[in-house]
Structures are given as structure tokens and as C-alpha cells.
Amino acid sequence: MGTEQAILMLSRFSLGAIATFLAILLWSKTRDTAWMLIVVGTIAYYGEIVFSALESFGVIRLDVLKIGDVAVFPIVLANLPIFFFILAFLVMVVRRVP
């Protein structure tokens, strides 16, 4: 692993950890559906960071389940956070303003 990759990984870990910590703090203060989905998306994003790091260190393999030549887990991990963000934005859009 080169210096550039190490700096990138450390910055993703540290900023992701801060965002996840703050998201969990927000979770305890709100029960709003849209915000809960943002929190879950942030936690899923940090999970993707952790699993990607574990895969790059050779601890786990994410390509164990394939459909054809496409590994499923990396695609799911990369897209799961944005899926939760989309749901949160959708909740906000369709919500009736009092």
C-alpha cells in the first residue's frame, strides 16, 4: 500500500467515524423518518469503508457471491448508503407540510 492510498484510507476512516458518531448522536435525539434514513445511510457508508479496508488488507473477500462475472457484495456495499439517502429525500419530498 502506497502513501497516497494510506492517507486516503485514514482520511476516510477518520471522517467516516466522525460522521457516524454524530449520526448516532442524532439518532438518539430524533425519531423523524427522513433523519433516521440519513443516519442509517451514514452508518452503511461507514460499513462500506470498513469492509473495503478489510478486503484491501486481505482479511475478508467480498467477491464470494457472484452473478456471472459480477461480484454482488461490493456493488451492494457501495450503493446501500445512497439508497437510504434516496429514501430519506423521497420521504421529505412527499411529506405534507403542516
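You'll find the structure just up there.
Residues numbered from 1 in each chain as written. Predicted model: local features only at pLDDT ≥ 70, side-chain atom pairs only at ≥ 80, totals over all residues. Heavy atoms only, no water.

(A) Structural view of the overall build of the protein chain. When its secondary structure is counted, the protein chain shows three helices and two strands. In the protein chain, the succession of helices and strands from N to C terminus is α-α-β-β-α. Taking 98 residues into account, the globule formula puts the C-alpha radius of gyration at 13 Å, and the protein chain, at 16 Å, lies well above it. The principal-axis extent of the C-alpha atoms belonging to the protein chain is close to 55 × 35 × 20 Å. In the protein chain, which comprises 98 residues, the share counted as buried stands at 22%. Carbon and sulfur atoms form 72% of the exposed surface of the protein chain, whose accessible area is close to 7,100 Å². Put simply, the protein chain has 7 plus and 6 minus side-chain charges, and the middle of one group is 15 Å from the middle of the other. (Helix = DSSP H or I, 4+ residues; strand = E, 2+ residues; numbered from the N terminus. Rg over C-alpha atoms; globule rule 2.2 N^0.38 Å. Buried < 20%, exposed > 50% of the residue type's maximum accessible area, 1.4 Å probe, protein only. Areas by Shrake-Rupley, 256 points an atom, 1.4 Å probe, with all protein chains shown as cover. Lys, Arg positive; Asp, Glu negative; His and termini not counted. Charge placed at Lys NZ, Arg CZ, Asp CG, Glu CD.)

(B) Structural view of the packing of helix α2 (residues 33-56) against helix α3 (residues 72-94). For the pair α2 and α3, the least separation of the axes is 8 Å and the interaxial angle reads 170°. Judged on the interaxial angle alone, α3 and α2 are roughly antiparallel. Of α3, the residues touching α2 (which contributes Thr33, Ala34, Leu37, Ile38, Val40, Gly41, Thr42, Ala44, Tyr45, Glu48 and Phe51) are Leu77, Ala78, Leu80, Pro81, Phe84, Phe85, Leu87, Ala88, Phe89, Val91 and Met92. Tallied by class, residues from the contact of α2 with α3 come to 18 nonpolar, three polar and one charged. (Axes fitted to C-alpha atoms, helices over the stretch in contact; angles between N-to-C directions. Parallel < 35°, antiparallel > 145°, perpendicular 65-115°, else oblique. Contact = heavy atoms within 4.5 Å. Nonpolar A, V, L, I, M, F, W, Y, C, P; charged D, E, K, R; others polar.)

(C) Just the layout of surface pockets, in detail. A volume near 170 Å³ is recorded for the largest pocket. Looking at the lining of the largest pocket, the elements that each hand over two or more residues are α1 (3-29) and α2. When residues of the lining of the largest pocket are assigned to their parent elements, the largest contribution, five residues, is made by α1. In terms of residue class, the lining of the largest pocket is made up of six nonpolar, three polar and one charged. (1 Å grid on protein atoms, 1.4 Å probe; cavity = no way out; pocket = protein on both sides within 12 Å on 5 of 7 lines; lining within 4 Å. Points joined across faces, edges and corners; volume = space filled by probe spheres on them.)

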